[in-house]
Amino acid sequence: MTPQDCPKCHAELERSGELKRHCESCNSDFNIEITCHQCGDVLQRLKACGAVSFWCNNCNEQKSKSTAVYTFIEQ
Ligand SMILES: [Zn+2]
Ligand SMILES: [Zn+2]
């Protein structure tokens, strides 16, 4: 996953878990929700040969990392 900026202060976020990010700058914690760009459903993570891709149960097809929508939810 590429580095992401804090939605609040735009500092670079630190990885604090598989789908968790921490911002040192404003002391916020975020959960990452990965959703389908077409239907908005939460995607399932697939791991095949080291490459990460996603599966949408609603569209019933595989989604690439580049089309997935990443949403930061403040904890
Ligand atoms: Zn921040
Ligand atoms: Zn979908």
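Description of the structure in this document.

Rules used in this analysis
Residues numbered from 1 in each chain as written. Chains lettered and ligands numbered in written order. Predicted model: local features only at pLDDT ≥ 70, side-chain atom pairs only at ≥ 80, totals over all residues. Heavy atoms only, no water. Helix = DSSP H or I, 4+ residues; strand = E, 2+ residues; numbered from the N terminus. Buried < 20%, exposed > 50% of the residue type's maximum accessible area, 1.4 Å probe, protein only. Contact = heavy atoms within 4.5 Å. Areas by Shrake-Rupley, 256 points an atom, 1.4 Å probe, with all protein chains shown as cover. Lys, Arg positive; Asp, Glu negative; His and termini not counted. Charge placed at Lys NZ, Arg CZ, Asp CG, Glu CD. Pairing = 2+ DSSP bridges. Axes fitted to C-alpha atoms, helices over the stretch in contact; angles between N-to-C directions.

### Points about the overall build of the protein chain
In step 1: If you tally the helices and strands in the protein chain, you get zero helices and seven strands.
In step 2: Across the 75 residues in the protein chain, those meeting the buried criterion constitute 25%.
In step 3: Taking the intrachain contacts of the protein chain between residues at least 6 apart in sequence as the baseline, contacts between residues at least 24 apart amount to 34%.
In step 4: With the model as given, the accessible surface of the protein chain reaches about 4900 Å², and the carbon-plus-sulfur share is 45%.
In step 5: Measuring between centres, the 8 positive side-chain charges of the protein chain sit 6 Å from its 10 negative side-chain charges.

### Considerations on the sheet that holds strand β1 (residues 14-17)
In step 1: In space, the four strands of this open sheet follow the order β1-β2-β3-β7, with antiparallel pairing throughout. For this open sheet the edge positions go to β1 and β7 (69-74), each flanked by a neighbour on one side alone. With direction set aside, neighbouring strand axes in the sheet form an average angle of 35 degrees.
In step 2: Strand direction decides the pairing type here: β1 and strand β2 (residues 20-23), joined by three bridges, are antiparallel. Across the sheet, residue Arg-15 finds its bridge partner in β2, namely Arg-21.

Taken by themselves, the reported measurements are silent on function.
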